[in-house]
Every structure is written in structure tokens, then in C-alpha cells.
Amino acid sequence: MNILFVWIACSSPPPAALDLSEPLSTGEVRAGLITSNESLFGGISAEGQPGDFKLYNDRVQFILQGDRDGDFYVGTGGAIVDADIVRPSAQPGRDMVDEWVPLAGLGRLVNPEKFQVKNNGAAGVQARVRVSGGETPMKLLTGALGSESVVPDLGLSLCTDFTLEPDTPLLEVTTHISTGDQAATLSPGDLLIASLDAVDGWNPGTGLEPLTANEYPWTGFVGHENEIALGIFAPPDEILRSDAAAVVLQSLTRASMGLGPLLELPPNQSASWTRFYGVGRDFCELTDAWLSTHAIATKTVEGVVESSDGPVGGARVNVLVDEAPFTLCFTQADGSFSAQVPEDAEVRLLADGRGTGIFTDLPDGHGPYSPYAADNIVQHSLDTLAVGAPAIPAAQGRGAGTPEAPLVLGEPGTLHLQVNDNLPFTAFLSRTSAEPTVDPRLVVSRPSGGTVSAWALDGSVSLQVEPGEYTLVAHRGIRYEYWSSTVEVVAGEEHTELLELPAAYELENWLIGDPHTHASPSNDGGIPMEDRLAVTAGSGVQVHFGTDHDHVANYQPLLQPMGLQDVLFSVVADEASPLVGHINAYPLELNTELPNHGAWRWWSELVSTTEEITALLREKHPGVVLQMNHPLDSGVASAAGWTPGKINRPERWSDHFDAVEVLNASAHEEYTEFFLDVVARGIPLIPVGVSDSHTYTGGQPGLNVTFLGTDTSAPAQFSNDKLRETMKARRTIASMGPFLELSLDPGSEWVGAQALSVTVKAPTWIQIDQVHLLENGEPIDSRELSDPTTPLLFDLSPSEDAFYVVVAEGDQDMSPVYSGKRPWAFTSPIYIDVDGDGWTPPLPALELAR
């Protein structure tokens, strides 16, 4: 057993500080307080800063958060916040750790009172940093559940040693738990929150599939493009566990978690639990080191992955023991790999060279951008976005091995896609025959939308594709015609496809925006920030909103090095995500002096009513636009118990929103019913359409959008002030396809009867059949659209004050660009004040239940 009932002494004088930017050699290790940005490293989740602590050897490096608030959900110091292998100096870092947190029972953390460098490693034996203090609850858990009682204070004293030895990828972590005057029953453990836009979960027994057992030897993540492997490893003769309570925490954080044995500690007693944090080039490196700690007799499994064009570097080799995934190797440049397995294991191998199937024309090896990294790290990332950097090998387009030839992969063909106007576009390739069947435990699934997906920034992109016949569909969203063709990809050959993607119509003083998208700062984001901008621009969207969950992240510095500054404007924003309803806030200013750059940390700044939330957000962000997200799906309206004309939980309601989503990822029927009801009762909300995309294709970026009326047609001339003016004027059209040109501006107010003309604009693949006029939410006139070039004329002449909405819809889906989706659009209301005495709502105010 690894549990020791002993008194723990957590004090001694620290050794002298060292230069933590110095490269180390075999047999060396270092630890100390970070005093310079030069000691830091980058990655998609990088947030280390001076005042934190670093432990590293010649293979791996870790940053332990010091006495400060962090930028992700677990703000408390004393946890690992950055981790990576040691890379060549020109290669950007690949930290993918949001938080790596020791736990003293579910949701219980150390409240750090003392940080000590117990051994700086200068003697070459080991380096150790100790964090000690009392206990504190994980605010994310107590805030989400709305109760401090879910993590009761047990009066514990906690002390964790982080120990790194030379020549190993494993960081030994030992947590000492001491009770006070009361007994305690708990399981120590660890929570690893990794950046889901850069990693896949990978577990022994299930590989890429989710864990099915409650007990396991280790658990972790692997980089999408072979960048890194991360794992929590049990100590010798022990296992990691999960339980029902742990599942609750994992559901909030999308994390890997490993609990130790259940401890029943009497008063004034202590115990310790040791485990390992592993960071490696691949899992084979980590499992080799882990097996060594267990003194298990092993044998070597090795080989070379080959293809007709030679050895394959960057292939993945699945190592199965007794037909269950055991570990995962990435091949070297010469195609070789090696792994240790238990001596009596029956081993099977399978190589995978399919790759992610996702391509952009960003430079090879470019550094992932983190909004919270130190200035020098940010600048390095931006520089590599323009010129590239040494790449990490990752095979693409080579397929997977077979039972007969498990280490033999195919040779890809290269497909070059190009348009003559040098503008961004999107492309999907789908096989004309069935996709090969693969084992989902061993081979990464393809993204939705096609076998291969690509986004070009400057009019061209190259793809490495498995040989075969494909249907190619290229597009630029809803304002352009698309291109479709059949292409034959031949192994070892290059083919260039010249595309034409003409604009179907011009937009004057309107821009296409998507006021709800996510990327890496969101804990459930599945796409890096730079790729989000590539997808946005390639889908024809001109105004990007960075509404990441509970983060104020600035995408604007990425535009110029990516060459998108003339076609895309980015709005700094935040999606506040309390369980009482998600709220977008924009445009925002960064406050780099605050955690999360000033986002509201609802889990630790609890308020009791939604009215208080809107007031708090307006106080934090003067001039903000507040948008009610997916109002009837984890939204304010559902939390408030809205039914037509009535709010059943008034404490969850507020009249002080500016905008509401009437279209979210193609859903709109229930949302428009809610919108029409509250506008009829005097709440002048602005309708918006959004993708709410968390991945490359989820939510159909470019389809579910908002047309923003402004005074420019050029994204480079747009601004935060112009956005505020647009929203103040309520000049929006939520659209899933067509643009509606109205003779009276959406959102405008008029005195007396008016004539309204409506012209529907759309490419030929978007067919609109009917245009409806709604008065006070009820349809009063419908027209068939036989000739889109001829304006439809409507008479707005109510006997009493009224509001009018124009709705367009079509019966045919928008294949092949957005298959299975039928076009629809919904304008902001036009208000008619009959007598000029001020507009009066047609229905009484919402009833608030008592």
C-alpha cells in the first residue's frame, strides 16, 4: 500500500535560486521560482508567469502556479498549469494543460499558504517544490451547484510535494493529508483539465473511446497532431478510481480524473498518497517509464512503419495487449518505434496514418496562440503564424494498417485547391464510395461534413488525401455560389483543382456576423483560436465574436499575421455561463490585470437573481450589449419558467437584455415564439442568428448568422462603436440563408401607415418559396416568391400601434453546401406608431408569478 499514516513536517529553508531558462543535459534537473519570461514556454493553454515555479529536466518541464489567481476555472494556486516536453528552441511550445490539480476528496483543494523549493536540483539527484496550507473548496463545483455544503470544511492541513528526477518524463506527486479535531473520510486524487481543441482522451483498455471501467492504471490525453501525451499514473501496486461523485465533477470540466484509495482518517492523524503526472512525446515513452517504477518484467516491442514511398514518420502505432489498447507510439522520422510491455503479454500492433482530416493553409509548425501567455510567448506564436516553425511529424492521408499488414500504410495523393481572387473559402471532400471501416478505439473519427475538411485563408490550400474518388464541394457561405466536382486522387501524384466562387449579390452597408462562437479558451471548445478565425473567414462571415465561456479572449492580434485583417473584424466578447442562463457580453475591453482578463467569475462571485447579473455585467463592462443565448435551452427564459405572457420564476428573469438568439445552430421555432411574445409586451429585444459553434463544423458556421446593418461594407472599417450603433438601432436580420432587403430598415420606428418593399437575395442554391408578414407576431400576409428579382410590396397600416416582422422560408434543403437544412430568415421588428404619441405595446406586460 502507498498510504502512510505519519506526521508530516512541511518546513525547511529553501535552496538558492537558479537560472531556469538554461537548457539541461542528461542527469540534470532544476526547480525554482520563475523570475523571467525567458523561463516560460508556450502552448494553447499557456498561462505561466513570473512568480510561478518551474520544474524541469532535459525531457519535460512543468509550471506550478504560485500565489495568484489563475486564468481558467480552478484559480487557486498550488497546481500544475503548464506542462510540455522540452523542445528545440525554434519550435513553439505545446502546453495543453488548463489545470492539473491535486484533490483531497471531491472538489477540495489546498489553500496555499507556503511555497517552498525543497531541492533546486543543483546536486543532480532530484528537484522538489512543496505547497502547503489549509483546505479550500473548488469554487467551480460549489458555485455551479449553488452550495458551499457540497464540499464541507473538514479542517484539513494539506501538503503536496512535486518531485522531478533526471532522465524521466514522470513527475512524482505526493499529497500529505492531516486531520484536525475531527475525523475525515475521503479519496485523494487528481483532476486533469486539458484543452479539448488540441487533445483526445486516450485510456488503457479503451484507447480513444471513453473509459468503461471504474478502476484503471492510468488515464490521459493525446495531442490531435502528435504534439504530446499527458497522463495521470497510479503508483506501484495501486490503481486509480472513479466514482459517481467524480463523474459530476468531470461533467463540469470535461476532464480526466484519477482517485486514490478511500481514506478513513481519525482525528489528528495523517496519510499520504503518491502518483505520477506524465508528459511525453507519446504514451509509449510514458508507459515505459511507468512500468519501470513498478519493477515489472518487460519485453521490447519495436518495428518500422513503412509505405510504398518509404518509412513513415509521424504515424501512430497502437500497441494492444490481450486485444485491449495498452499504449500508443508515434514513429520517428525513420518510421521506427519502440515500447515496453509486460513480459508475458500477447501483443498486437496497428499503425494509423489517416490524420485528422483537417487542413488550413497556415504555415507548418506554427505555434498555437494562448490569450493568457506572457508577451514573449505570444509574440513567438504570432511570428510563427506568419512564417512557420519546425513541424512535429504527423502522418496524413495514409489510411490505417490491416490485420495482414499492420505496419504498412498507404501513400497519399496531394490535392491543391485554388481560386483566382485570393479570398478565403471552405472545402469538403467526401468519398463517392463508403468510408473504410476502422476501429474507433484505435483510429480517430473524421469531422462531420466530409472525409476531409479544409479552409483556405488566401485563396489556396493543399491537402494530403488517401487515394480514391471524391466529391469536392467548395463554398464561402450564404452570399456566394458554390463549386462542386468529382476528383480522383492518385497515390504519389499531385492534382490542382481551379475553383470559381463568385458572389451572388453585393451587400451595401451590411456585414455578416456570427455573435456566438467558441474556441480554445472555452473548456468545451474543440478548435484553436487561429483555426476558428480561418473557419469563420472561409465560411463568408465578416464579423467574428469570440464568445468563449467565461473568458475575455482577444483574437484581434491574430488577424494580421493570418492575412485576414481586410476580410474579418473580431469582437472581444465573453459568454458568461452560470447555470441560470448563458449570456453573451460584447464588445468588451481587456483587463489584463485581472484573471480571465476581467470575465465575470460567476462560480466565485455569486449573485442571487438574474436582475443582479445584468446589473453586474453592465457595471463591469460599460457600454456592453447583453445577449440572451439559446433562451429555452439552458437559457434565461427556460430558467425563469417562461410561458406565453408569464414568468413563473421572477428571480431568474430580467428585462434588461438587449438581444436574444432567435436562431441557434438552425433551431428557431421555439425561440421566435418567445421573442414575439416578449416584444409584444414591450421588451424591445434585438433578434440575432448564431452558429454557437464549438468545433470546426458544429452549428454550421457561415449558415446561421446575423446580418448587421451599419455604414460600411468593409470589415476593416467596422469597429466596436459601429457595432454598438447597429445594436442600438436594432438593425439586424437573423438568417439561415437569404438576405432580405427592406425599404424600411429593420428595427426602425415610423409614425403612421407605411409601404414596405421586400427583395430576397440569395445564391441559386438557396431557394426561397414564401415570404410572410407578421403583425404583432401573427401572420397577416404571405406571398409566393416566383421571381426573386421583383420586390414584394406590403402595406403596414394598423389601426393601433403594432410591430411587423418579415419571415422568409424555403422548402428545399441547401444541399450540397448545408445538407438537410432549409433556408429561413427573420428580420428585426419594424415599429408603427399610429398617432405619433409614442409606440405602445399591443399586449400587457409579462406577468410575474408571486
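This structure is a prediction, so every number in the text was calculated from the model and none was measured.

1. Overview of the overall build of the protein chain
- Tallying secondary structure elements over the protein chain gives ten helices and 56 strands in all.
- Here the C-alpha radius of gyration of the protein chain, 29 Å, is about what a compact globule of 850 residues would show, namely 29 Å.
- Taking the principal axes of the C-alpha coordinates as reference, the protein chain spans close to 85 × 70 × 45 Å.
- The buried share of the protein chain, taken over its 850 residues, is 62%.
- Across the protein chain, every contact between residues at least 6 apart in sequence was considered, and the portion connecting residues at least 24 apart equals 73%.
- Here the protein chain has roughly 30200 Å² of accessible surface; of this, 48% comes from carbon and sulfur atoms.

2. Section: the environment of Ala 184
- Considering the arrangement of structural elements, one finds Ala 184 in strand S10 (residues 184-186).
- Counting along the chain gives 354 residues from Ala 184 to Gly 538, while the straight-line C-alpha distance between them is 56 Å.

3. Some points on the environment of Gly 563
- Tracing the chain through its elements places Gly 563 in the loop between helix H6 (556-559) and strand S37 (569-572).
- Residue Gly 563 is classed as partly exposed on the basis of its relative accessible area, which comes to 47%.
- Sequence separation between Gly 563 and Asp 458 is 105 residues, and the spatial gap between their C-alpha atoms is 7.5 Å.

4. Focus on the packing of aromatic side chains
- By the definition in use, this model includes 26 aromatic pairs.
- Note on Tyr 482 and Trp 765: the rings are 6.3 Å apart at their centroids and 80° apart in plane angle, and the pair reads as edge-to-face. You can see Tyr 482 sitting in the loop between strand S32 (468-475) and strand S33 (483-489) and its partner Trp 765 sitting in the loop between strand S49 (754-761) and strand S50 (770-775), a full 283 residues away along the chain.
- By relative accessible area, Tyr 482 is classed as partly exposed at 30%.
- According to the relative accessible area criterion, Trp 765 is buried, its value standing at 7%.
- Put simply, the rings of Trp 202, Trp 218, Phe 233, Phe 283 and Trp 290 touch in pairs and so form one group of aromatic residues.
- Residue placement shows Lys 54 over the ring face of Tyr 56; its charged tip is 4.4 Å from the ring centre.

5. Points about the pattern of salt bridges
- If you walk through the whole model with that rule in mind, you get 26 salt bridges.
- The partner of Asp 161 in a salt bridge is Arg 130, with the nearest N and O atoms 2.5 Å apart. Residue Asp 161 is located in strand S8 (residues 157-164), and its partner Arg 130 is located in strand S7 (residues 127-137); the two are separated by 31 residues in the primary sequence. Considered together, Asp 161 and Arg 130 belong to a single accessibility category, that of buried residues.
- The partner of Asp 781 in a salt bridge is Arg 783, with the nearest N and O atoms 2.9 Å apart.
- By relative accessible area, which is 25% here, Arg 783 ends up partly exposed.
- Residues joined in a network through salt bridges with shared partners are Arg 354, Arg 431, Glu 435 and Glu 466.

6. Some points on the sheet that holds strand S23 (residues 316-321)
- On the basis of which strands lie adjacent, the open sheet formed by three strands has the order S24-S23-S26 and antiparallel pairing. With partners counted over all chains shown, the strands left at the sheet margins are strand S24 (324-330) and strand S26 (347-352), one partner each. On average, each strand axis in the sheet is tilted by 25° relative to the strand beside it, whichever way the strands run.
- Sitting on the sheet, helix H3 (residues 283-293) touches S23 and S24, and the angle it makes with S24 is about 120°.

7. Here we look at the state of the cysteines
- With the rule as written, the count across this model stands at one disulfide.
- The disulfide partner of Cys 284 is Cys 329, and the gap between their sulfur atoms is 1.8 Å. Here the S-S torsion is close to -90°, and the disulfide linking Cys 284 with Cys 329 is therefore left-handed. A residue pair is termed long-range when its members are at least 10 positions apart, and Cys 284 in helix H3 and Cys 329 in strand S24 qualify at 45 residues.

8. Description of helix H4 (residues 375-387)
- Here H4 contains 13 residues, and its C-alpha end-to-end distance of 19 Å stays within 8% of the 18 Å for a straight helix at 1.5 Å per residue.
- The set of residues buried in H4 consists of Ile 377, Val 378, Ser 381, Leu 382, Thr 384 and Leu 385. The buried residues of H4 all sit within an arc of 165° when viewed along its axis, so they share a single face. Away from its buried face by more than 90 degrees, H4 exposes Asp 375 and Val 387.
- Looking at the buried side of H4, the elements it contacts are helix H5 (529-538) and H6.
- Following H4 by one or two positions, Gly 388 adopts a phi angle in the positive range, close to 85°.

9. Side note on the sheet that holds strand S42 (residues 646-647)
- Pairing is mixed across the open sheet formed by three strands, whose spatial order is S41-S42-S56. Each edge of the open sheet carries a strand with a single partner, namely strand S41 (642-643) and strand S56 (847-848).
- Relative to S56, S42 runs parallel, the two being bridged by two bridges. From the neighbouring strand, Lys 646 faces S56, where its bridge partner is Glu 847.

10. Thoughts on the side chain of Thr 414
- Structurally, Thr 414 can be placed in strand S28 (residues 413-419).
- Classification of Thr 414 as buried rests on a relative accessible area of 18%.
- Beyond its immediate sequence surroundings of up to four residues, Thr 414 is in contact with Leu 463, Gln 464, Glu 493, Glu 494 and His 495.

About the criteria used
Residues numbered from 1 in each chain as written. Predicted model: local features only at pLDDT ≥ 70, side-chain atom pairs only at ≥ 80, totals over all residues. Heavy atoms only, no water. Helix = DSSP H or I, 4+ residues; strand = E, 2+ residues; numbered from the N terminus. Rg over C-alpha atoms; globule rule 2.2 N^0.38 Å. Buried < 20%, exposed > 50% of the residue type's maximum accessible area, 1.4 Å probe, protein only. Contact = heavy atoms within 4.5 Å. Areas by Shrake-Rupley, 256 points an atom, 1.4 Å probe, with all protein chains shown as cover. Phe/Tyr/Trp six-rings, centres within 6.5 Å; stacked < 30°, edge-to-face > 60°. Lys NZ or Arg CZ within 6 Å of the ring centre and 35° of its normal. Salt bridge = Lys/Arg side-chain N within 4 Å of Asp/Glu carboxyl O. Pairing = 2+ DSSP bridges. Axes fitted to C-alpha atoms, helices over the stretch in contact; angles between N-to-C directions. Disulfide = S-S within 2.5 Å. Expected span 1.5 Å × (residues − 1). Arc of directions from axis to C-beta.

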